Amino acid sequence: MPEIDFWYEFASTYSYLAAMRAEPMARAAGVGLRWRPFLLGPIFAAQGWNNSPFNIYPAKGRYMWRDMERLCAERGLAFRRHDPFPQNTLLAARFAWAVPDDRRADFSRSVYLAEFAEGRDISDARLLASLLSELGLPADALLARAKSDEVKTRLRAETEAAQVAGVFGAPAFVTADGELFWGDDRLEQALGWARGKD
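Residues numbered from 1 in each chain as written. Predicted model: local features only at pLDDT ≥ 70, side-chain atom pairs only at ≥ 80, totals over all residues. Heavy atoms only, no water.

### Overview of the overall build of the protein
Here comes step 1: Within the protein, the regular secondary structure consists of 11 helices and four strands.
Here comes step 2: Compactness check: the protein gives a C-alpha radius of gyration of 16 Å against a globular reference of 16 Å for 198 residues, within 12% of the reference.
Here comes step 3: Put simply, the protein has 198 residues, and 49% of those count as buried.
Here comes step 4: Excluding contacts between residues fewer than 6 apart, the proportion of contacts in the protein whose partners are at least 24 apart in sequence is 73%.
Here comes step 5: Considering the protein, the positive charge centre built from 25 side chains and the negative charge centre built from 27 side chains are found 2 Å apart. (Helix = DSSP H or I, 4+ residues; strand = E, 2+ residues; numbered from the N terminus. Rg over C-alpha atoms; globule rule 2.2 N^0.38 Å. Buried < 20%, exposed > 50% of the residue type's maximum accessible area, 1.4 Å probe, protein only. Contact = heavy atoms within 4.5 Å. Lys, Arg positive; Asp, Glu negative; His and termini not counted. Charge placed at Lys NZ, Arg CZ, Asp CG, Glu CD.)

The structure is reproduced here in structure tokens:
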């Protein structure tokens, strides 16, 4: 089965859209999906940005918020703009690498829903622990694992791997042959490429 890497950042609004539809679409296309959370902060810093481009360029930010309202309404997704934006996603990303591989997608979707559907603070360890518990996962053990050197090192390595793959924003999809597709609106194209149809 062909596979693609799904690179996502919990602070990314468009990653929320992709996370809520990527798995069923990949399954229908016969393509495996590897969920790979990473941090955009170091990548933005390498481009000379110390904030989200949606904050640096106000017109772009206004467009993004309105676009999210339209797209979420069209897809039947709840959407709530939270303040501040972007949120601190370090702990959420570490938790995502601490959970078992086969539960990463479930946990990631629950984080996105808490953040962008409910407007909750995903930097709060108690919130993340409650999301784990709701999924039937051992919150205390995974909290300890999320704070371990092993997971911290893994997240740094994944962020570096994203940079090496050419990822400059999220969401991004990278096929086995290294082809990069950026944005929720490129998911279909990435799946088609992975299947060798484009």
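### Quick notes on the pattern of salt bridges
Here comes step 1: The final tally for this structure, using the stated rule, is 18 salt bridges.
Here comes step 2: A salt bridge links Arg21 to Glu188; the nearest nitrogen and oxygen atoms lie 2.8 Å apart. Of this pair, Arg21 sits in the loop between α1 (13–19) and α2 (22–29) while Glu188 sits in helix α11 (residues 187–194), and the two are 167 residues apart along the sequence.
Here comes step 3: By relative accessible area, which is 16% here, Arg21 ends up buried.
Here comes step 4: Because the salt bridges share partners, they merge into one network encompassing Glu3, Asp5, Arg34, Arg36, Arg154 and Glu158. (Salt bridge = Lys/Arg side-chain N within 4 Å of Asp/Glu carboxyl O.)

### Details of the nonpolar core
Here comes step 1: By size, the foremost hydrophobic cluster in this structure holds 57 residues, and its most contacted members are Phe6, Phe10 and Phe107.
Here comes step 2: When sequence neighbours within four positions are dropped, the list of residues in contact with Phe10 reads Pro37, Thr89, Ala92, Ala93, Ala96, Ser108, Val111, Tyr112, Glu115, Phe116 and Ile122.
Here comes step 3: By size, the runner-up hydrophobic cluster in this structure holds 10 residues, among which are Leu40, Phe44, Ala162 and Val174. (Core = buried A, V, L, I, M, F, W, Y, C linked by side-chain atoms within 4.5 Å.)

### Digging into helix α6 (residues 90–98)
Here comes step 1: Within α6, eight of the nine residues are buried, which leaves it mostly tucked inside the rest of the structure.
Here comes step 2: Where α6 is concerned, the buried positions are Leu91, Ala92, Ala93, Arg94, Phe95, Ala96, Trp97 and Ala98.
Here comes step 3: At its buried positions, α6 is contacted by β2 (32–37), α7 (104–117), α8 (125–134), α9 (139–146) and α10 (149–164).

### With respect to the pairing of strand β3 (residues 172–175)
Remember that side chains alternate between the two faces of the sheet whenever the strand is regular.
Here comes step 1: Where burial is concerned, the two faces of β3 agree: the one with Ala172 and Val174 and the one with Phe173 and Thr175 are both buried.
Here comes step 2: As paired elements, strand β1 (residues 3–8) and β3 share four bridges and run antiparallel to each other. Among the inter-strand pairings, Trp7 is bridged to a residue of β3, identified as Ala172.
Here comes step 3: Both β3 and strand β4 (residues 180–182) contribute to a ladder of three bridges, which runs antiparallel. From the neighbouring strand, Val174 faces β4, where its bridge partner is Leu180.
Here comes step 4: What sits between the antiparallel neighbours β3 and β4 is a turn of four residues, in which Gly178 has the positive phi angle 90 degrees. (Pairing = 2+ DSSP bridges.)

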